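Fold and contact review
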Amino acid sequence: MLKRYKLRDYNFILVLMLITLSGIGVLLVGSADPSLQRKQFIGMIAGVILMLIVSLMDYSWLLNFYWLIYAADLILLIAVILRGESSKGASRWIRIGSFQFQPTEICKILPIMFFAMYLMKHEEDLNTFRTIAKAVVLIAVPLVLVFKQPDLKNTITIAVIFCILIYIAGLSYKIIGGTILIVVPLIAVLLLLITQTDLPIINEYQKDRIMAKMFSEDDAYSEDLIQQDNSITAIGSGQLTGKGLNNNKVSSANKGNFVAESQNDFIFAVAGEELGFIGSSAIVLLLFGIIAECIRIGKRAKDIAGTLICCGVAATVAIQSFINIAVATGLIPNTGTPLPFVSYGLTSLWSLYIGMGLALNVGLQNKKYFGGNLENEHRIYRT
């Protein structure tokens, strides 16, 4: 297999963008909390090595074990519920000796691998009720386990990734339209029940954050908005070029500890303050470039499974990036989501690098890999 790979097919542009973005992340994490910089740098190096190893593994061979991958996903999530360590009312971490990791992060990548194979095997009958119902049940099980941690944001993230995958696989527009007509009113009713009743649909702290965003003028929710208000102030204070990394200015919201979790959930506030509009824009452009490159690789994949892997990984980066930046800029309610390849968090970093390794392997096995003559080249038909 290695002998058939060609060096010219290796996507060095994607690798360069990933290393550049991760390098910026190391600098920002070090500015937010100097004690974490060395750990983040080592995590970055380990992540790059992990990505390179995965990129040379045949993804088609790995997908042969898709049911084992699905089982591993469920085992990890069940382990979190049974043995997970609690923090701030949520059980999301598992400790093995001195090492602590968050299984939910890798459990964003495993379903992509599973459904890449599952949807390819059912490509011909994808729009039948039986196939759709089975796929929904298969994704519902891990979603329930993630929701019970509780982890609403990752429940939504995984659900959206699944919707993107099944759409790319060729789901009929008729089914998509019918689903939208049902889901949109249900979401509206759900929001109404959350905001206007005392029904225990979600946790109290989650409800408070939603209420704070919807009724920002109400003083009762002012404490829930302080974090985001300080983040917006920090971003705005950076102006065009920023105050500089590791600055010690009295007016610094980062150094003054006005923004909690600045090394993770609010890392974009650090970027805005210290690197300014130019630096923040560079981060956004790098994220966009990574997403676009994954999609481009997916379009040239040898089969629909490769396309789904690349688009699933791209969707993961896109969704997490949007949530993180939208929270830091006050566009959506506060919810802790790391900024891909930038925020502190080794589990998230390594999981994303594994996903990128899979995408790189898809690129190594593009249509040219078989001389441009694929007997099973996929086609997507919609009605």
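**Quick notes on the pattern of salt bridges**
- If you walk through the whole model with that rule in mind, you get 4 salt bridges.
- A salt bridge links Glu 105 to Lys 108, with the shortest nitrogen-to-oxygen separation between them at 3.2 Å. Here Glu 105 and its partner Lys 108 are both found in helix H5 (residues 103–121), 3 residues apart, which amounts to about one turn of the helix.
- Between Glu 273 and Lys 243 there is a salt bridge, with the nearest N and O atoms lying 3.5 Å from each other. Placement of Glu 273 in helix H11 (residues 267–299) and of Lys 243 in the loop between helix H10 (222–237) and H11 is noted, with a sequence separation of 30 residues between them.

**Describing unusual backbone geometry**
- Pro 150 follows Gln 149 through a cis peptide bond whose omega is -5°.
- Tracing the chain through its elements places Pro 150 in the loop between helix H6 (129–147) and helix H7 (152–168).
- A positive phi angle, near 50°, is found at Gln 239, a position not held by glycine.
- Along the chain, Gln 239 turns up in the loop between H10 and H11.
- Within the chain, Phe 341 stands out as a residue other than glycine whose phi angle is a positive 70°.
- For Phe 341, the location among the structural elements is in the loop between helix H12 (304–328) and helix H13 (346–364).
- Residue classification places Phe 341 among the buried positions, given a relative accessible area of 2%.

**Some thoughts on a nonpolar patch on the surface**
- The grouping of Phe 41, Ile 42, Ile 45, Ile 49, Ile 53, Met 57, Trp 61, Phe 65 and Leu 68 at the surface amounts to a nonpolar patch, some 850 Å² of accessible area in total.
- A per-element tally of the nonpolar patch places helix H2 (residues 37–55) first, with 5 residues.

**Structural notes on the environment of Thr 131**
- With respect to the secondary-structure elements, Thr 131 resides in helix H6.
- Note on Thr 131: relative accessible area 5%, which makes it buried.
- Spatially, the C-alpha atoms of Thr 131 and Tyr 118 are 9.9 Å apart, while their sequence positions differ by 13 residues.
- In this view, Thr 131 contacts Tyr 118, His 122, Asp 125 and Leu 126; residues no more than four positions away in its chain are not counted.
- Side-chain polar atoms of Thr 131 contact the side chain of Thr 128, separated by 3.0 Å.

**Digging into the packing of helix H4 (residues 66–83) against H5**
- The interhelical angle for the contact between H4 and H5, taken along N-to-C directions, is 155°, at an axis separation of 9 Å. Taken as axis vectors, H4 and H5 run roughly antiparallel relative to one another. When you trace H4 past H5, the crossing you get is left-handed. Residues Tyr 66, Trp 67, Ile 69, Tyr 70, Ala 72, Asp 73, Leu 76, Leu 77 and Val 80 of H4 pack against Pro 103, Thr 104, Ile 106, Cys 107, Leu 110, Pro 111, Met 113, Phe 114, Met 117, Tyr 118 and Lys 121 of H5.
- Its residues placed into classes, the contact of H4 with H5 shows 17 nonpolar, 1 polar and 2 charged.

**Here we look at H2**
- With 19 residues, H2 extends 27 Å from end C-alpha to end C-alpha; this agrees with the ideal 27 Å at 1.5 Å per step.
- Taken residue by residue, H2 has Gln 40, Gly 43, Met 44, Gly 47, Val 48, Met 51, Val 54 and Ser 55 as its buried positions. Projection of H2 onto a plane perpendicular to its axis shows the buried side chains occupying an angular sector of 140°, all on one side.

**Quick look at the packing of H12 against H13**
- One way to put it is that H12 packs onto H13 with a least axis distance of 9 Å and a crossing angle of 145°. Handedness of the H12/H13 crossing: left-handed. Seen from H12, the contacting residues are Gly 306, Ile 309, Cys 310, Val 313, Thr 316, Val 317 and Gln 320; seen from H13, they are Ser 348, Leu 352, Gly 355, Met 356, Leu 358, Ala 359 and Val 362.
- Considering only residue class, the contact of H12 with H13 consists of 9 nonpolar, 5 polar and no charged.

About the cut-offs
- Residues numbered from 1 in each chain as written.
- Predicted model: local features only at pLDDT ≥ 70, side-chain atom pairs only at ≥ 80, totals over all residues.
- Heavy atoms only, no water.
- Salt bridge = Lys/Arg side-chain N within 4 Å of Asp/Glu carboxyl O.
- Helix = DSSP H or I, 4+ residues; strand = E, 2+ residues; numbered from the N terminus.
- Buried < 20%, exposed > 50% of the residue type's maximum accessible area, 1.4 Å probe, protein only.
- Patch = residues over 30% accessible without salt bridge, like charges linked within 9 Å, V, L, I, M, F, W, Y side chains within 5 Å.
- Areas by Shrake-Rupley, 256 points an atom, 1.4 Å probe, with all protein chains shown as cover.
- Contact = heavy atoms within 4.5 Å.
- Polar contact = N/O pair within 3.5 Å; in protein donor to acceptor, adjacent residues only side chain to side chain.
- Axes fitted to C-alpha atoms, helices over the stretch in contact; angles between N-to-C directions.
- Parallel < 35°, antiparallel > 145°, perpendicular 65-115°, else oblique.
- Left-handed = near helix turned anticlockwise from the far one by under 90°.
- Nonpolar A, V, L, I, M, F, W, Y, C, P; charged D, E, K, R; others polar.
- Expected span 1.5 Å × (residues − 1).
- Arc of directions from axis to C-beta.

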